[in-house]
Amino acid sequence: MGVAAKIAPSMLSSDFANLASEAERMLKFGADWLHMDIMDGHFVPNLTIGAPVIESLRKHTKAYLDCHLMVTNPLDYVEPLAKAGASGFTFHVEVSKDNWQQLIQEIKSKGMKSGVALKPGTPIEEVYPLVESENPVDLVLVMTVEPGFGGQKFMPETMDKVRNLRQKYPSLDIEVDGGLGPSTIDAAASAGANCIVAGSSVFGAPEPSEVISILRNSVEEAQQKS
Ligand code: DX5
Ligand code: ZN
């Protein structure tokens, strides 16, 4: 028995002009969470959505909105995103070395779950203090591509970090993001990831519900074997 599998389609691959119906479609297909990629054009060379879009979407769905902040100043986004109706707030460790304690505190005090993400080149040791803190993060997001864009190739070398985390923290929510789909999920699931973000593989499939169930089955089977 492991931590519950959560499949989170990345709405970055959806049709933004029809976000509410895209969200509804994904939930009907079996998604647990909706992954929302928030970028500022500075931390990453791309610009996507912010609190106003989360607020609009929230009016159409009760779903868990798993917000991934690829921004240089995550603290500035805590209050607006909480007000907009975000469920989870995951910031990057690379830009939070000096204020992660304050970030976790403020995220949780506003009723959101807190998460920390790390880029492929960032050593896993950098998140240990955030997991072992008296007020710890609820989730660690191991990036399996360089953040910024959907549709990139999964980096298998990042799996050592997932294995390391799972060994140390058996009940932690460990999320993977980037290049996940039917051909890469087994590597991530057997390393110990339980929250799976998938954009292009889900939205680009003729039957997204089949991809979602392949991802879930892989996580559950890997947990049974471990
Ligand atoms: C990349 C984003 C991902 C992205 C994943 O910076 O954080 O969430 O949308 O897309 P795929 O699954 O297509 O790699
Ligand atoms: Zn993401």
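Structural data are supplied above this passage.
Within each chain, residue numbers correspond to sequence positions counted from 1 in written order. Here the convention is simple: chains get letters from A, ligands get numbers from 1, in the order in which they are written. In keeping with the model being predicted, local features are shown solely for residues with a pLDDT of at least 70 and side-chain atom pairs are shown and tallied solely at 80 or more, while totals for entire chains, interfaces and linings include all residues. Excluding hydrogens and water, the side-chain figures rest on all heavy atoms present in the structure.

Novice: Can you tell me about the pattern of salt bridges, naming the residues and giving the values?
Specialist: We define a salt bridge as a contact between a side-chain nitrogen of Lys or Arg and a carboxyl oxygen of Asp or Glu at a distance within 4 Å. With the rule as written, the count across this model stands at seven salt bridges. Here R25 and E22 are joined by a salt bridge, their closest N and O atoms 2.9 Å apart. Remark: E22 and R25 occur in helix 1 (residues 19-28); sequence separation between them is three residues, near one turn of the helix. The class of E22 is buried, set by a relative accessible area of 10%. Of the charged contacts in the structure, one is a salt bridge between K83 and E79, with a shortest N-O distance of 3.4 Å. Placement of the pair is K83 and E79 together in helix 3 (residues 75-84), with a separation of four residues, close to one helical turn. Look at E79 and you get partly exposed, because its relative accessible area is 41%. Under the scheme used here, helices are H or I runs from DSSP no shorter than 4 residues and strands are E runs no shorter than 2 residues, and both carry numbers assigned from the N terminus. In this scheme, a residue with accessible area under 20% of its type's maximum is buried, one over 50% is exposed, and one in between is partly exposed, where area comes from a 1.4 Å probe on protein chains only.

Novice: A description of the nonpolar core should follow, citing residues and the corresponding values.
Specialist: Only buried Ala, Val, Leu, Ile, Met, Phe, Trp, Tyr and Cys residues count toward a nonpolar core, and they belong to the same one when joined by side-chain atoms within 4.5 Å. In this structure, M36, I54, F89, F91, V140 and I196 are the most contacted members of the largest nonpolar core, which totals 65 residues. We call two residues contacting when some pair of their heavy atoms lies within 4.5 Å. Ignoring anything within four residues of it in the chain, the contact list for I54 reads M36, I38, I49, L65, C67, L81, A84, G85 and A86. With nine residues, the next largest nonpolar core counts A117, M143, V145 and C195 among its residues.

Novice: Any chance you could break down the site of ligand 1 for me, citing the residues and the numbers?
Specialist: If even one non-hydrogen atom of a residue comes within 4 Å of a molecule or strand, that residue is called near it. In the vicinity of ligand 1 there are 19 residues, among which S10, G148, D177, G199 and S200 approach most closely. Nitrogen and oxygen atoms within 3.5 Å of one another constitute a polar contact, given that in protein one can donate a hydrogen and the other can accept it, and given that sequence-neighbouring residues count only through two side-chain atoms. Residue D37 places a side-chain N or O atom 2.8 Å away from an oxygen atom belonging to ligand 1. Within the contact set of ligand 1, an oxygen atom lies 2.8 Å away from a backbone nitrogen or oxygen of G179. Protein contacts shield 100% of the accessible area of ligand 1, which totals 380 Å² for the unbound molecule. Breaking the shell around ligand 1 down by element, the ones donating at least two residues are strand 2 (33-39), strand 3 (64-70) and strand 8 (195-198). Three categories are distinguished: nonpolar for Ala, Val, Leu, Ile, Met, Phe, Trp, Tyr, Cys and Pro, charged for Asp, Glu, Lys and Arg, and polar for the others, with Gly belonging to the last. Split by residue class, the shell around ligand 1 holds seven nonpolar, ten polar and two charged. Residue-level accessible areas treat just the shown protein chains as cover; the underlying method is Shrake-Rupley with a 1.4 Å probe.

Novice: Break down the sheet that holds strand 1 (residues 6-9) for me, with residues and values.
Specialist: On the basis of which strands lie adjacent, the open sheet formed by eight strands has the order 1-8-7-6-5-4-3-2 and parallel pairing. A single partner strand is all that each edge strand has here, and the edge strands are strand 1 and strand 2. For this sheet the average axis-to-axis angle between neighbouring strands, irrespective of direction, equals 20°. Pairing between two strands requires that DSSP report at least two bridges joining them. Relative to strand 4 (residues 88-92), strand 3 runs parallel, the two being bridged by three bridges. The partner of H68 across the bridge, within strand 4, is T90. To obtain an axis, a line is fitted to C-alpha atoms, over the contacting stretch when the element is a helix, and the angle between two such axes runs from 0 to 180 degrees between their N-to-C directions. Each of strand 2 and strand 3 touches helix 2 (residues 51-58); the most contacted strand, strand 3, lies at about 170° to it.

Novice: Tell me about the pairing of strand 4, and please be specific about residues and values.
Specialist: The element strand 4 is extensively covered by neighbouring structure, given that five of its five residues are classed as buried. Alternating residues of strand 4 divide into G88, T90 and H92 and F89 and F91, and every residue in both groups is buried. Handedness is read with the strands pointing away from the viewer; a crossover is right-handed when the path from the first strand over the helix to the second is clockwise. Once the chain exits strand 3 it traverses helix 3 before rejoining the sheet at strand 4, and the crossover so formed is right-handed. Regarding the hand of the β-α-β motif, the stretch spanning strand 4, helix 4 (residues 100-109) and strand 5 (residues 113-118) is right-handed.

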